[in-house]
Amino acid sequence: MRLLIIEDEDRLSGILKSRLGEAGFAVDVAGSAGDANAALEIINYDAVVLDLGLPDHDGLTVLTATRRIGRNLPILILTARDAVEDRVAGLNAGADDYLTKPFAMSELIARIKALLRRPGGVLGITLEAGNLSLDTIGRELSVAGKPVRLSRQELAILEQMMRRFGRIVPKAVLEEKLYGIDEEPDSNTIPVHVHHLRRQLQAASASLAIHTIRGVGYILAENQE
Amino acid sequence: MSRRVKSLQLRLTLELAALFFVASCLAVGGLIYSASRTGGSLIDRELGLRAEDLARYVSRDATGKPRLELPPDLKQAYDASAQRSVFAIRDKDGRLVEASTPEVATLAVRWPQADSEPRFFGLTGLGPSGQDYAGVSVLLDSAAGPLSVMVAEVSGGNQLVHTMLREFVFDVAWYVPLFVAAVVLLAIDSVRRSVRPLRAASAEARNIGPGSISIRLPEADVPTEALPLVLAVNHALDRLEQGFAIQRQFTANAAHELRTPLTIITARLDSLEGNGQLSALRQEVGRMNRLVEQLLCVARLDSVALDVSTPVDLLQIAEEVVGSMAHLALASGRSIALTGAEHPVRITGNADAIADALRNLIENALAHTRPGTEVIVEVGSEGALSVSDSGPGIPLADRPRIFDRFWRGKGARSEGAGLGLAIVMEIVRAHGASIAVGDHTPCGARFDLRFRAA
């Protein structure tokens, strides 16, 4: 997986390169919008990490230029500007996600992976989180290498949760993914499926657990017990 | 004048009223004066004519002595008005020829001889009623030689002047106070109408504050005299707004400059392998990150006009914040829940700021409760937002001070800088919302925010 980091602060880009390298990415660094555009033309990157404050142009110009030529690769914005307008401008210009400085490196890595886990993304075929591994084509789950049998609905719920690992999945999203437009889900079905799924993960001694955030949805996170 | 009248309207009115009063007094006084002068000279003329009349009827009798022989009608007139008109006639040697009354006769003989130039005089306390007289004495030629003729008339009796004055006062002068009143009323109305745009401008000025610096005073309809002031105020506001913009820019720059090195430090520390000291260092950096974030948030709230006019959905904001903080809550062994409204709750405000406030309240709750407890966020359909925890609660004595900047409760763990609740308060204030601290049953603290419904 090849990433392009567009960041003019040398010390930061150095650390990003080494930490993302450790996380298993091949990383190139561009220090200006000009370099970035040149690199993007030659190499087919899997994702881009873009700082908005660049010496030659605003980072947003790289974003719009990339989107204009039809490149659909995931772009994550790094910014010290946390005003809503800046974030809205970034997302409207075609960014897929943003992080404001200062950020935790683990969060950056998790977010890049989440972008790559999207359907059509590089990691979209086999999802990995904790000691779980889900083959989205073969519809098979293994925990710590051992296969676990799940129902169709449980697999669908787990896939959604793994694609948004560490972030909340609203109940409404699960209902949308599980049922067609004509099907009217019973308000109790999702909690029942989640309950079963949770028990099976626990039985398979998974390092992750599904937590209920009352009133909002579910989140796949480290098992606290 | 040491105490100046500040009201333009009152001053104009008072000065105009005073001016009109003085002018009217002068005019009336002048009229009365010239009327009485005219009246006076008429009387003088009358007296002179009467003296000549008298002289004309003096002739010599058989012994050659001068003698007054009035025609019957004149004699009747003098007899009838003996108390009002008196006369005395003497010959050139001072001997009395004739007098209207004996009293006048005794007076007249003591007087010096008159000369041909008429001399006007006053007499006081004459006759039985002791009236005042005004008269003339003049030396006139007659058939019996030069005579000294004195004629006097009761001075109060100059009916003509009195009648004239009375008529003047009743027919004309009563217009003056009415006229003054009308002018004053007109002046009041005119001044009031011309200061109305100024009142509108000051009403507008009342709305100007750090949060609404873009308001300008209306320049239309402002009187020309006040326009320079209004323009100057508007230009001053332009400069202030520029100042705010510069400060905002400074805050944004400071944010950028501080965040990048902090990110680098955090990233380097993350990549180091080490003992317990390293994790203590990581904690400290984490604390510093949070503090810088909060300081920047405070600086931003102080310097930037918060736009609180956007329609937002309180439920959606709460869902996003609770969702984004769920991981943090779980990682610290606590849980978080969102209850209450199930449909959008429309209010007017700033979504980002409200999210900031909620985030700070949740962080606060997570920091003051034991693991295993739940923080509950509740959204009410009428624009209410509350955060409850199951911690020790907030002592009554501390409640008035918890929103002060850098205030920290006794025995509080050293993580917080005491800015979180101050930020919440600023945001609540900017929204014109209210916040109340209470108890959560069975234990814990509860913060209740109430926003104005859209």
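Everything here concerns the structure above.
Residues numbered from 1 in each chain as written. Chains lettered and ligands numbered in written order. Predicted model: local features only at pLDDT ≥ 70, side-chain atom pairs only at ≥ 80, totals over all residues. Heavy atoms only, no water.

Would you explain the interface of chain B and chain A in this entry?
Interfaces are often sized by the accessible area lost when the parts come together. Each partner contributes residues to the interface: chain B has 30 residues there, and chain A has 24 residues. Summing both partners gives a buried area of about 2400 Å² for chain B against chain A, and 62% of it is carried by carbon and sulfur. The largest share of the area that chain B buries against chain A comes from Arg259, Thr263 and Leu330 of chain B, three residues that together contribute 23% of it. Joining chain B to chain A, the criterion identifies 1 salt bridge. In this structure, the connection of chain B to chain A is made through 2 residue pairs in polar contact (both at pLDDT 80 or more). Listed by contribution, the elements that provide at least two residues to the side of chain B that touches chain A are α6 (227–271), α7 (276–303), α8 (314–331), β9 (335–340) and β11 (374–380) of chain B. By residue number, the principal contributor to the side of chain B that touches chain A is α6 of chain B, which donates 12 residues. For the side of chain B that touches chain A, a count of residues per class yields 12 nonpolar, 10 polar and 8 charged. (Contact = heavy atoms within 4.5 Å. Buried area = accessible area lost by both parts, 1.4 Å probe. Salt bridge = Lys/Arg side-chain N within 4 Å of Asp/Glu carboxyl O. Polar contact = N/O pair within 3.5 Å; in protein donor to acceptor, adjacent residues only side chain to side chain. Helix = DSSP H or I, 4+ residues; strand = E, 2+ residues; numbered from the N terminus. Nonpolar A, V, L, I, M, F, W, Y, C, P; charged D, E, K, R; others polar.)

I'm lost on the sheet that holds strand β14 (residues 445–450) of chain B in this one. Help?
Sheet strands line up and pair through hydrogen bonds in the backbone, either parallel or antiparallel. All names here are of chain B. Pairing in this open sheet of 5 strands is mixed, and the strands run β9-β11-β12-β14-β13 from one edge to the other. Because the sheet does not close on itself, it has two edges, and the strands there are β9 and β13 (434–439). Each neighbouring strand pair of the sheet contributes to a mean axis angle of 15°, computed without reference to strand direction. Here β9 runs beside β11; their pairing, made up of 6 bridges, is parallel. In the strand pairing of β11, Leu338 is matched with Val377. Lying on the sheet, α8 is in contact with β9, β11 and β12 (384–388); it crosses β9 at an angle near 165°. (Pairing = 2+ DSSP bridges. Axes fitted to C-alpha atoms, helices over the stretch in contact; angles between N-to-C directions.)

Explanation requested: the environment of Ser106 of chain A in the structure shown.
Relative to the helices and strands, Ser106 of chain A is located in helix α5 (residues 105–116). Spatially, the C-alpha atom of Ser106 of chain A lies 9.3 Å from that of Arg19 of chain A, the residues being 87 residues apart in sequence.

Would you mind going over helix α10 (residues 420–430) of chain B with me for this structure?
For α10 of chain B, the full list of buried residues reads Gly420, Leu421, Ala422, Ile423, Val424, Ile427 and Val428 of chain B. Just past α10 of chain B, the residue Gly432 of chain B takes up positive phi, approximately 65°. (Buried < 20%, exposed > 50% of the residue type's maximum accessible area, 1.4 Å probe, protein only.)

What is the right way to read the sheet that holds strand β12 (residues 217–222) of chain A from this model?
All names here are of chain A. In spatial order, the strands read β10-β12-β11; together these 3 strands make up an open sheet with antiparallel pairing. The open sheet has two edge strands, β10 (168–170) and β11 (208–213), and neither has a second partner. Across the sheet, the axes of successive neighbouring strands diverge by a mean angle of 25°, strand direction being ignored. Here β10 runs beside β12; their pairing, made up of 3 bridges, is antiparallel. Bridge assignment links Pro170 to a residue of β12, and that residue is Gly217. Contacting β10, β11 and β12, helix α6 (residues 152–163) crosses the sheet at an angle of about 65° to β12. Helix α7 (residues 171–178) contacts β10 and β12 of the sheet and is inclined by roughly 60° relative to β10.

Would you mind going over a negative patch on the surface with me for this structure?
A cluster of acidic side chains, namely Asp8, Asp10, Asp35 and Asp56 of chain A, defines a negative patch on the protein surface. By the secondary structure assignment, Asp10 of chain A is in helix α1 (residues 10–22). (Patch = residues over 30% accessible without salt bridge, like charges linked within 9 Å, V, L, I, M, F, W, Y side chains within 5 Å. Areas by Shrake-Rupley, 256 points an atom, 1.4 Å probe, with all protein chains shown as cover. Lys, Arg positive; Asp, Glu negative; His and termini not counted. Charge placed at Lys NZ, Arg CZ, Asp CG, Glu CD.)

How should I be thinking about the nonpolar core in this particular structure?
A general tendency of soluble globular proteins is for nonpolar side chains to be buried together. Grouped together as the largest cluster of nonpolar side chains are 55 residues, with contacts concentrated most on Ile213 of chain A together with Ile362, Val377, Val379 and Leu385 of chain B. A per-element tally of this core places α8 of chain B first, with 10 residues. By size, the runner-up hydrophobic cluster in this structure holds 27 residues, among which are Leu127, Val148, Leu178 and Leu220 of chain A. (Core = buried A, V, L, I, M, F, W, Y, C linked by side-chain atoms within 4.5 Å.)

Is there a simple way to think about the pairing of strand β1 (residues 2–6) of chain A in this case?
For a regular strand, side-chain orientation follows a simple rule: the groups alternate between the two sheet faces. All names here are of chain A. Burial within β1 is extensive, with 4 of its 5 residues counted as buried. In this sheet, strand β2 (residues 26–30) lies alongside β1 in parallel orientation, the contact comprising 5 bridges. Its bridge partner lying in β2, Arg2 is registered against Ala26. In the classification by handedness, the crossover that spans β1, the intervening α1 and the parallel β2 is right-handed. Here β1 runs beside strand β3 (residues 47–51); their pairing, made up of 4 bridges, is parallel. (Right-handed = clockwise from strand over helix to strand, strands pointing away.)

Would you mind showing me how to read a nonpolar patch on the surface here?
Nonpolar side chains collect at one region of the surface, where Val172, Trp174, Tyr175 and Leu178 of chain B lie side by side and expose about 410 Å² of accessible area between them. Structurally, Tyr175 of chain B can be placed in helix α5 (residues 175–206).

When you look at the pairing of β3 of chain A in this model, what are you seeing that I'm missing?
Residues and elements named next belong to chain A. With 5 of 5 residues buried, β3 lies mostly within the body of the structure. Side chains Ala47, Val49 and Asp51 of β3 all project onto a buried face; the interleaved residues Val48 and Leu50 project onto the opposite face, where all are buried too. Examined bridge by bridge, β3 and strand β4 (residues 75–79) share 4 bridges and lie parallel to one another. Bridge assignment links Asp51 to a residue of β4, and that residue is Leu78. Crossover handedness for the path β3 to helix α3 (residues 59–68) to β4: right-handed.

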